[in-house]
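Listed below, chain by chain, are the residues.
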Amino acid sequence: MSDKIKSDAVFGLARHFRLQWEDAQQNYVLLFPEGMVKLNGGAGEVIKRLDGKKTVADVVAELQAAFPGVPELEADVLSMLDLALGKDWIEQKNSL
Amino acid sequence: MNKKTHSKPLPKPFWLLAEITYRCPLHCAFCYNPTDFVNYTHNELSTEAWIKVLRDARQMGALQLGISGGEPLLRDDIEEIVAEAGSLGYYSNLITSGVGLTEKRIAEFKRGGLDHIQLSMHDISKEINNFITDTNTFELKKKVATMIKDYDFPMVLNVVIHRYNIEHIGEILEMAEQIGANYVELANTQYYGWSLLNRAQLMPTREQLIKAEAVTNKFRERIGSKMKIYFVVPDYYADRPKKCMNGWGEVFMIVTADGTVLPCHSARVLPNMTFPNVQEHGLEWAWNESPAFNKYRGDDWMKEPCRSCPDKEKDLGGCRCQALMLAGDAELADPVCELSPAHGVILQAIEDAKNPQLAAQPILFRNDKNSRKIIDGELKHLTDEFHALP
Ligand code: SF4
Ligand code: SF4
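Residues numbered from 1 in each chain as written. Chains lettered and ligands numbered in written order. Predicted model: local features only at pLDDT ≥ 70, side-chain atom pairs only at ≥ 80, totals over all residues. Heavy atoms only, no water.

Caption draft 1: Up close: the overall build of chain B. Across its full length, chain B holds 17 helices and 9 strands. At 20 Å, chain B has a C-alpha radius of gyration in line with the 21 Å of a compact globule built from 390 residues. Principal axes of the C-alpha set define a box for chain B whose edges measure 55 × 50 × 45 Å. Taken over 390 residues, chain B has a buried fraction of 58%. Partitioning the contacts of chain B with sequence separation of at least 6, the portion at a separation of at least 24 is 73%. With the model as given, the accessible surface of chain B reaches about 16,400 Å², and the carbon-plus-sulfur share is 52%. For chain B, the separation between the mean place of its 44 positive charges and that of its 52 negative charges on side chains is 2 Å. (Helix = DSSP H or I, 4+ residues; strand = E, 2+ residues; numbered from the N terminus. Rg over C-alpha atoms; globule rule 2.2 N^0.38 Å. Buried < 20%, exposed > 50% of the residue type's maximum accessible area, 1.4 Å probe, protein only. Contact = heavy atoms within 4.5 Å. Areas by Shrake-Rupley, 256 points an atom, 1.4 Å probe, with all protein chains shown as cover. Lys, Arg positive; Asp, Glu negative; His and termini not counted. Charge placed at Lys NZ, Arg CZ, Asp CG, Glu CD.)

As structure tokens, then:
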């Protein structure tokens, strides 16, 4: 399912998108023209790490360090990225 | 019928639309502003009042902000309003005809943190642009589009579709691609306010609509994700109504030029309702407590056929204003619904769209003079057909 997401790919938010922490809601929101998405805890943790510099492998490693013992974390991250890419929330910043 | 039970937590007004002025240099035939808008052009909220609205709404959870009108650029304090929105963390959108946008102002908007600009365009031809807006604005809009690009704002083009431009949709999309639009809204006219009065003149035929949709889909396939295209289907040609505003008092909150707080653009037409005004009440009271906002929340208010309809959660019975204007009672099903006993009025409008004589009647343009005439009852022969237009 997520074989499109390569571990040395680098992602960042799509142009003109903004990720913002909403204190009142205690979650991240993704804001863009004509829309917004409330990100649940996991999705927020993944997307906030996409800075256009780190590779997918870096992001997975960081998350594993931050949330040790979470099973299937890598698979979850990959499918989250796959979904975000499919919705054009994020874009790949390097060419492989 | 049980009284409103707040078993569910109250929804939050995630989208705030600030209709900061009803003054407008354009006179569009399809304008959905109230037909009596001249009543609200001399009592606009002050800068301080708008800033308070922005702060209070943000506190209540609002995130998306549309700054619209009329033409918002007619306010001298728009830069201040934009900067306040920026510092509060709104994702803010200036909805404009482009008239009044200068280099100096757009630079100021960038500094103030404006997120995007939605520019209205009308056609590829100067003639139709100038005809339907009753102004000479064609060249100006192209210049403004370039400015928006130069300042790296995402460009959302909004094109209201009607029988005069629906056959040019392919060329309109090509123009959008040429000027580098990121999003294009092909918004088929919804019939409220001025556009309702001009419905027979504006409504396309079903045949035109089907062709336009096919052209749009083909273009979409070619362009892919480079440009997002929204095709807003005209509800008259659907079998079921739209879930108007995503539900009454569910997500959208509109504050109008004079401070009236509304759950939808045209709610003012509803009789026997008093909408709250920020000059008398806090926004929080308006959204959470006011009788007007609670009146059509949920589905307790419904009559048949909606009340026992298995689909009622899907569309919440459609639009209250449309039910009133076309069927005479805001609590009936939106007549767009094929199950509505009043659905015949929609079928008649569709039938009328095929009649070139009706379409050729003179258009009533949205301007001060016509608004006054409507208020004074001089155009009763036009307004009488629709309930509740003043
Ligand atoms: S639709 Fe036209 S006339 Fe109405 S507010 Fe917009 S630009 Fe002005
Ligand atoms: S009957 Fe009412 S609830 Fe059912 S589909 Fe029609 S408008 Fe919607």
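Caption draft 2: View of the interface of chain A and chain B. Every contact between the two is made by 15 residues of chain A and, on the other side, 21 residues of chain B. When chain A packs against chain B, close to 1,600 Å² is buried across both sides, 51% of that on carbon and sulfur atoms. At the surface where chain A touches chain B, the tally comes to 4 salt bridges. Salt-bridge contacts for Arg-18 of chain A lead to Asp-115 of chain B; the nearest nitrogen and oxygen are separated by 2.7 Å. Along the contact surface separating chain A from chain B lie 10 residue pairs in polar contact (both at pLDDT 80 or more). The set of elements that each furnish at least two residues to the side of chain A that touches chain B consists of β2 (18–22), β3 (27–32) and β4 (35–39) of chain A. In the side of chain A that touches chain B, the residues fall into 6 nonpolar, 4 polar and 5 charged. (Buried area = accessible area lost by both parts, 1.4 Å probe. Salt bridge = Lys/Arg side-chain N within 4 Å of Asp/Glu carboxyl O. Polar contact = N/O pair within 3.5 Å; in protein donor to acceptor, adjacent residues only side chain to side chain. Nonpolar A, V, L, I, M, F, W, Y, C, P; charged D, E, K, R; others polar.)

Caption draft 3: Quick peek at the site of ligand 2. As a matter of local geometry, ligand 2 sits amid Arg-240, Pro-241, Pro-305, Cys-306, Cys-309, Lys-312, Asp-315, Gly-317, Cys-337 and Leu-339 of chain B. Residue classes in the shell around ligand 2 are distributed as 6 nonpolar, 1 polar and 3 charged. (Near = heavy atom within 4 Å.)

Caption draft 4: Looking closely at the nonpolar core. Among the nonpolar cores identified, the biggest contains 117 residues, and Leu-16, Phe-109, Ile-148, Leu-157, Leu-186, Tyr-236 and Leu-270 of chain B are the most heavily contacted of them. Ignoring anything within four residues of it in the chain, the contact list for Leu-157 of chain B reads Leu-119, Met-121, Ala-176, Ile-179, Ala-181, Tyr-183, Val-184 and Glu-185 of chain B. Listed in part, the 29 residues of the second largest apolar core include Ala-14, Phe-17 and Phe-32 of chain A together with Tyr-183 of chain B. (Core = buried A, V, L, I, M, F, W, Y, C linked by side-chain atoms within 4.5 Å.)

Caption draft 5: Layout of the environment of Leu-83 of chain A. Position of Leu-83 of chain A among the secondary structure elements: in helix α3 (residues 73–86). With 24 residues separating them in the primary sequence, Leu-83 of chain A and Val-59 of chain A have C-alpha atoms 16 Å apart.

Caption draft 6: How the structure looks around the sheet that holds β2 of chain A. All names here are of chain A. Taken together, 3 strands build an open sheet; the order of strands is β2-β3-β4 and the sheet is antiparallel. In this open sheet, the two edge strands, each paired with only one partner strand, are β2 and β4. Looking at each pair of strands side by side, their axes are set apart by 25° on average, direction ignored. Taken together, the 5 bridges between β2 and β3 define a ladder with antiparallel strand orientation. Residue pairing in the sheet places Trp-21 in a bridge with Tyr-28 of β3. (Pairing = 2+ DSSP bridges. Axes fitted to C-alpha atoms, helices over the stretch in contact; angles between N-to-C directions.)

Caption draft 7: Region of interest: the packing of helix α6 (residues 169–178) of chain B against helix α9 (residues 206–223) of chain B. Residues and elements named next belong to chain B. Axis separation between α6 and α9 bottoms out at 9 Å; the angle between their running directions is 30°. Classed by the angle they form, the pair α6 and α9 counts as roughly parallel. α9 is crossed by α6, and the crossing has right-handed handedness. Here Ile-169, Gly-170, Leu-173, Glu-174 and Glu-177 of α6 come into contact with α9, specifically with Ala-212, Val-215, Thr-216, Phe-219, Arg-222 and Ile-223. The residue makeup of the contact of α6 with α9, split by class, is 6 nonpolar, 2 polar and 3 charged. (Parallel < 35°, antiparallel > 145°, perpendicular 65-115°, else oblique. Left-handed = near helix turned anticlockwise from the far one by under 90°.)

Caption draft 8: Region of interest: helix α2 (residues 56–66) of chain A. Residue and element names in this part refer to chain A. For α2, every residue scored as buried is listed here: Val-56, Val-59, Val-60 and Leu-63. Within α2, the buried residues cover an arc of 100° as seen down the axis, which keeps them to one side. Contacts made by the buried residues of α2 are with β1 (10–13), α1 (41–47), β5 (51–55) and α3. (Arc of directions from axis to C-beta.)

Caption draft 9: Quick peek at the environment of Lys-48 of chain A. Residues and elements named next belong to chain A. Note on placement: Lys-48 falls in the loop between α1 and β5. Taking the C-alpha atoms as reference, Lys-48 lies 7.3 Å from Leu-19; in sequence the two are 29 residues apart. Other than its neighbours up to four places away in sequence, Lys-48 contacts Leu-19 and Tyr-28. There is a polar contact of 3.3 Å between the side chain of Lys-48 and the side chain of Glu-45.

Caption draft 10: Looking closely at the pairing of β1 of chain A. All names here are of chain A. For β1 and β5, the ladder comprises 2 bridges, and the chain directions are antiparallel. Across the sheet, Gly-12 pairs through a bridge with Asp-51, a residue of β5. Two elements, β1 and strand β6 (residues 90–92), share 3 bridges in a ladder whose sense is antiparallel. Residue pairing across strands places Phe-11 opposite Gln-92, the latter belonging to β6.

Caption draft 11: Broad picture of the packing of aromatic side chains. Residues and elements named next belong to chain B. Enumeration over the complete set of coordinates arrives at 13 aromatic pairs over all chains. Summarising the aromatic geometry, the rings of Tyr-191 and Tyr-236 are spaced 5.1 Å apart at their centres and angled 70° between planes, so their arrangement reads as edge-to-face. In this pair, Tyr-191 is assigned in the loop between β6 (183–188) and α7 (193–197) and Tyr-236 in the loop between β7 (228–232) and β8 (252–255), connecting sequence segments 45 residues apart. As far as burial versus exposure is concerned, Tyr-191 and Tyr-236 are alike and both buried. Residues Trp-287 and Phe-293 carry aromatic rings whose centres are separated by 5.5 Å and whose planes lie at 50° to one another, so their mutual orientation is tilted. Exposure remark for Trp-287: the relative accessible area of 1% places this residue in the buried category. Exposure remark for Phe-293: the relative accessible area of 0% places this residue in the buried category. Members of the aromatic cluster, connected to one another through ring pairs, are Trp-248, Phe-275, Tyr-296 and Trp-301. The ring of Tyr-90 is capped by Arg-58, whose NZ or CZ atom sits 6.0 Å from the centre of that ring. (Phe/Tyr/Trp six-rings, centres within 6.5 Å; stacked < 30°, edge-to-face > 60°. Lys NZ or Arg CZ within 6 Å of the ring centre and 35° of its normal.)

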